[in-house]
Amino acid sequence: MRTKIHNAMTVDVEDWFQVSVLRKAIDYKDWEKQEIRILPSICRILDLFERHQVTATFFVLGWIAERFPEIVRTIQKYGHEIGSHGYAHRIIYEHSRDEFVADLARSIEVLQSITGEKVVYYRAPSFSITHKTMWALEELANHGIIYDSSIFPIKHDIGGMPEMPRSPFYLILQNGLRLNEFPLSTLRLWRENIPISGGGYLRLLPYWFIRRGIKKNNDEGIPVVLYFHPWELDTEQPKIKLSRLSKFRHYTNIDRTETRVRDLLTEFKFTSLGELCKMNPIERRWPEFAIDTNKRNLRRSNNQG
Ligand SMILES: [Zn+2]
């Protein structure tokens with residue numbers, strides 16, 4: 001049975017060698033030498049979404065867009081939203097603010113030159129907006145981003161801010177600008193936020209648990225933000241030697257992603273971030289927070305939600 005609430009479907013468009021876990025094994029300067037494997041996976045994703053009549057938000061890496069503009073044009077032609085996933089998949093806190101701005105601006109420029117439209121959606125590589133890099137939120141708004149989905153309210157070795165709100169919220173920044181923030185979804189269990197909505201969690205957790213997590217969120221009026229990557233459909237990708245934990249997270253059940261997404265599309269309602277906001281104007285329906293990026297804290301500034 002379908003629940004009434006719509007959830008958000010998102011895809012991070014990067015190839016197998018651009019994943020953060022491989023950044024020490026495959027250097028950025030060697031990206032050009034790697035086998036490009038993304039194209040068939042993108043076609044499968046577009047086909048899957050078309051069959052389920054779902055519109056999604058695709059966060060495209062600038063490096064991919066610049067070399068394969070047809071990918072961006074095709075995604076756009078199928079009616080999906082194009083957002084930025086940065087240019088070079090840099091973990092934000094491993095770089096300076098200036099480097100972040102340069103990477104962001106380059107990705108936006110590449111995407112806008114292909115689509116002819118303003119880029120208003122963003123997702124940080126590996127959700128790397130953390131307490132150390134809250135300034136990134138201000139820079140996003142400075143560069144025209146309106147919808148961000150970079151905050152993961154969990155404890156994690158790369159991204160993660162566990163005390164952040166679990167549901168979409170409206171962020172008022174110190175520079176006076178605003179962002180619609182879509183945190184990655186979690187299930188509140190044993191006083192912890194358990195991630196349920198994408199990437200490795202989508203492949204590693206049992207389906208009944210993911211379903212329960214989505215239902216619980218939806219029952220509370222919270223739309224889930226699902227995410228996955230084209231390389232998660234690519235069972236034949238080159239396997240790189242990793243630590244035991246990374247190997248487990250990265251390659252386990254990689255043959256399961258497509259079925260998982262298909263089952264979720266059958267059971268729940270999904271749409272893009274932009275469409276979701278049109279259905280639920282975020283500033284009226286969801287809580288509003290003022291953020292102090294220097295003190296790195298949030299203050300609730302309305303009583304809604
Ligand atoms: Zn990524």
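Every chain is numbered on its own, with residues counted from 1 as its sequence reads. Local features in this predicted model are restricted to residues of pLDDT 70 or higher, and side-chain atom pairs are both shown and tallied only at a pLDDT of 80 or more, whereas totals for entire chains, interfaces and linings draw on every residue.

1. Observations regarding the overall build of the chain
The test is simple: In DSSP terms, a helix is any run of H or I states spanning at least four residues, a strand is any run of E spanning at least two, and both are numbered starting from the N terminus. To sort residues by burial, count the other C-beta atoms lying within 10 Å of each one's C-beta; a count of 20 or more means buried, 12 or fewer means exposed, and anything in between means partly exposed. C-beta atoms are built from the backbone. By the convention adopted here, residues make contact when the C-beta atoms placed from their backbones lie within 7 Å.
Secondary structure assignment for the chain yields 11 helices and 13 strands. For the chain, buried positions account for 45% of its 305 residues. Contacts in the chain between residues at least 24 apart in sequence constitute 75% of all its contacts with a sequence separation of at least 6.

2. A closer look at the packing of helix 4 (residues 97-115) against helix 5 (residues 135-142)
Here is the rule we go by: Interaxial angle, 0 to 180 degrees, is taken between N-to-C directions of lines fitted to C-alpha atoms, where a helix line uses only the stretch in contact. Here a crossing is called left-handed whenever its near helix is offset anticlockwise from the far helix by less than a right angle, and right-handed whenever the offset is clockwise. Three classes are used, and their members are as follows: Ala, Val, Leu, Ile, Met, Phe, Trp, Tyr, Cys and Pro are nonpolar, Asp, Glu, Lys and Arg are charged, and the others, Gly among them, are polar.
In contact at an axis separation of 11 Å, helix 4 and helix 5 are set at 35° when each is read in the N-to-C sense. When you trace helix 4 past helix 5, the crossing you get is right-handed. Where helix 4 abuts helix 5, its residues Arg97, Phe100, Val101 and Leu104 lie against Trp135, Ala136 and Glu139. The residue makeup of the contact of helix 4 with helix 5, split by class, is five nonpolar, no polar and two charged.

3. What about the nonpolar core?
Soluble globular proteins tend to pack their nonpolar side chains together in the buried interior. Short version of the rule: Buried Ala, Val, Leu, Ile, Met, Phe, Trp, Tyr and Cys residues whose C-beta atoms connect them within 7 Å together make up a nonpolar core.
Grouped together as the largest cluster of nonpolar side chains are 73 residues, with contacts concentrated most on Val60 and Leu137. Here Leu137 is in contact with Ile129, Asp148, Leu171, Leu173, Leu179, Ile291 and Thr293, once residues within four sequence places are set aside.

4. Topic: the pairing of strand 6 (residues 169-172)
This is how it is decided: Note: two strands are recorded as paired if DSSP finds a minimum of 2 bridges between them.
Strand direction decides the pairing type here: strand 6 and strand 7 (residues 178-181), joined by four bridges, are antiparallel. When the sheet's bridge partners are listed, Phe169 is paired in strand 7 with Glu181. If you look at the hairpin formed by strand 6 and strand 7, you'll find five residues sitting between the two strands, and Gly176 has a positive phi there, around 90°.

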